[in-house]
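Residues per chain, in single letters:
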Amino acid sequence: MILLGLLLTLGLHWTTGVSLTNMVGLLSGAVTNTPVLGAAQQAFLQIHPDDTKTVTDMSLACAVAYPLGVIGVILAILLLKKLYGEACHYHKDQTVAKPHVSEFLVSNPGVYHKSIAEVMKLTEKHFVISRVWRNSKVSIPTSETLLEKGDHLLVISAKPDVDGIRILFREEENRDWNKEDVDWNAVDSTLISRRIVVTQSKPDGVKLGFLRLRNLYGINITRVNRAGIDLIASPKLRLQTGDRLTIVGEATAVNNVGKILGDEVKRLTTPNLFAIFLGIAFGVLLGVLPIAIPGISAPIRIGVAGGPIIVGILMGAFGPRFHVTTYTTQSANLMMRQFGIVIYLAALGIDAGAHFFETVFRTEGLLWIGLGFLLTFIPIIVVGLLGSFLFKLNYANNIGMICGSMANPMALSYANTIVEGDEQSVSYATVYPLSMFLRVITAQLIIMLFL
């Protein structure tokens, strides 16, 4: 999608005669990506430090294309929904991030008398055995528990993995444990189910399997909720401050685990300003570092807009491994994000507003609006159709990928209203970092190479 946008930008520049700087401004508005505009303006000022009028025109072009940049993505999402038809609804049962609960009867001689740890090595599918029914008694298994013929197992896995797990145990019971009126955590009166929040710094960044909570305390972690998304409790999953773990076991054992993980919700109400300012500081430093590319006279810079984004991505991915707590409250997170966007857009509007209306209501302005819409709509439709018919992406994944590659959270909010589940949000978060980085770099490269 990014490549199509760049080729379309150059093609429209050559065919319509609109200056390249204005086309890059239109591109940044069409993809609703203001860091691209900042990076392109910075690159242009390196070549022509005194040409402030061209920089202002780039802001004006971005402002003209921005509204239809938002609307164009939403229109494309609706069009793709029509093309998918009824197929766009099946994601509800195939959301990868949402755990699925099944009951199996052990009737495969190949797993008799084997420990759960040994059985899990027999398949590439990942699952968690939450309960074992044996002789009418319910127990929470450990990795050393031996499976016997006739055991009933309550298994948590991803929905697409159920068929593979059925092959392993041979028989699946008909009872649906995923209905809203079924409390599968209360199958035994001696066990309790409790949600515990990670607030201690020591478990932050530690793999769940490394803690050995199941074997040491006889409890089971059935799922992990992070930022509103339910994750399967994989042994390789690294915990982060703010994670909410659903734990099943005897009351004493669950309370002991709560002491280890923290479970002090009050500690999460204070924003972690150190990580925020650390990210901003390193982000600004990274943004101003010159990056020399052979064949280009002037170096490129990621910019003060792109630098903090990249550092933020790196801190989110690797911060917990170095015990850097990146958690902040949801309200503080949204407040800072919205405040930053508002301040930036206000500055952009002041810069472009002086000539906005006189530009929009003349032939050149109408041309800019049309070109901006083409830069938004054409790449989305082309890639959306490729994702649908060539790569067989389901509707939720497809529109999440589109919103992420367009850096368009407004379109994602709309997508969340027409699609249930978290799959589109996961796809958005997956492609957003790379697309943001590539757009910031390529916008500067176009300015450097073709001016």
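For the structure itself, consult the block above.
This text gives an overview of the structure that appears in the document. Bear in mind that the values here come from a model prediction, so they are computed numbers and not experimental data. As a convention, each chain's residues are numbered from 1 in the sequence order in which they are written. Where totals are concerned, whole chains, interfaces and linings use all residues; where local detail is concerned, this predicted model gives features only for residues with pLDDT of at least 70, and gives and counts side-chain atom pairs only at 80 or more. Side-chain numbers here rest on the full set of heavy atoms in the structure, without hydrogens or water.

## Focus on the packing of aromatic side chains
Now for step 1: Any two rings among Phe, Tyr and Trp, with Trp reduced to its six-membered ring, count as a pair given centres within 6.5 Å; such a pair is stacked if its planes are under 30 degrees apart, edge-to-face if over 60, and tilted if neither. Using the criterion set out here, one finds five aromatic pairs in the structure.
Now for step 2: Seen from their ring centres, Trp14 and Phe450 are 6.1 Å apart, and the 70 degrees between their planes marks the pair as edge-to-face. With a gap of 436 residues between them, Trp14 in helix 1 (residues 2-16) and Phe450 in helix 17 (residues 423-450) connect regions that are remote in the sequence.
Now for step 3: Residue exposure (1.4 Å probe, protein chains only): buried if accessible area is under 20% of the type maximum, exposed if over 50%, otherwise partly exposed. Looking at Phe450, the relative accessible area reads 43%, which means it is partly exposed. The secondary structure listing takes helices from DSSP runs of H or I that are at least 4 residues long and strands from runs of E that are at least 2 residues long, numbered from the N terminus.

## Side note on the pattern of salt bridges
Now for step 1: Here, a salt bridge means any Lys or Arg side-chain nitrogen found within 4 Å of an Asp or Glu carboxyl oxygen. If you walk through the whole model with that rule in mind, you get seven salt bridges.
Now for step 2: Taking the shortest distance from any N to any O, the salt bridge between Asp161 and Lys125 comes out at 3.7 Å. You can see Asp161 sitting in the loop between strand 4 (152-158) and helix 6 (162-169) and its partner Lys125 sitting in the loop between helix 5 (116-120) and strand 2 (127-134), a full 36 residues away along the chain.
Now for step 3: Take Asp161: its relative accessible area is 17%, and that puts it in the buried class.
Now for step 4: Between Arg166 and Glu172 there is a salt bridge, with the nearest N and O atoms lying 2.5 Å from each other.
Now for step 5: Taking the relative accessible area as the measure of exposure, Arg166 reaches 29% and is therefore partly exposed.

## Regarding the nonpolar core
Looking at soluble globular proteins, one finds that nonpolar side chains tend to be buried together.
Now for step 1: Counting residues in each nonpolar core, the largest one holds 60 residues, and the members touching the most others are Leu26, Val73, Ile77 and Ile402.
Now for step 2: If you list the elements that add at least two residues to this core, you get helix 1, helix 2 (20-30), helix 3 (34-47), helix 4 (52-84), helix 14 (363-390), helix 15 (395-405), helix 16 (409-418) and helix 17.
Now for step 3: Contacts: residue pairs with any heavy atoms within 4.5 Å of one another. If sequence neighbours within four positions are ignored, Ile77 has contacts with Tyr395, Ile399, Cys403, Ala411, Tyr414, Ala415 and Ile418.
Now for step 4: The definition of a nonpolar core used throughout is a set of buried Ala, Val, Leu, Ile, Met, Phe, Trp, Tyr and Cys residues joined through side-chain atoms within 4.5 Å. Of all hydrophobic cores here, the second largest spans 18 residues; its members include Ile196, Val198, Val224 and Leu237.

## So, the packing of helix 4 against helix 16
Now for step 1: Every axis in this analysis is a line fitted to C-alpha atoms, fitted for helices over the stretch in contact. Angles between the N-to-C directions lie between 0 and 180 degrees. At their nearest, the axes of helix 4 and helix 16 sit 9 Å apart, and the two run at 30 degrees to each other. If you check the angle between helix 4 and helix 16, you find them roughly parallel. At the point where helix 4 passes helix 16, the crossing takes the right-handed sense. From helix 4, Tyr66, Val70, Val73, Ile74, Ile77, Leu78 and Lys81 reach across to helix 16, where they touch Met410, Ala411, Tyr414, Ala415 and Ile418.
Now for step 2: Taken together, the residues of the contact of helix 4 with helix 16 sort by class into 11 nonpolar, no polar and one charged. To sort the angles, those under 35 degrees are grouped as roughly parallel, those over 145 as roughly antiparallel, those from 65 to 115 as roughly perpendicular, and the leftovers as oblique. Throughout, a crossing is termed right-handed when the near helix is turned clockwise from the far one, and left-handed when it is turned anticlockwise from it by less than a right angle. Any residue outside Ala, Val, Leu, Ile, Met, Phe, Trp, Tyr, Cys, Pro, Asp, Glu, Lys and Arg is labelled polar, Gly included; the first ten of those are nonpolar and the last four are charged.

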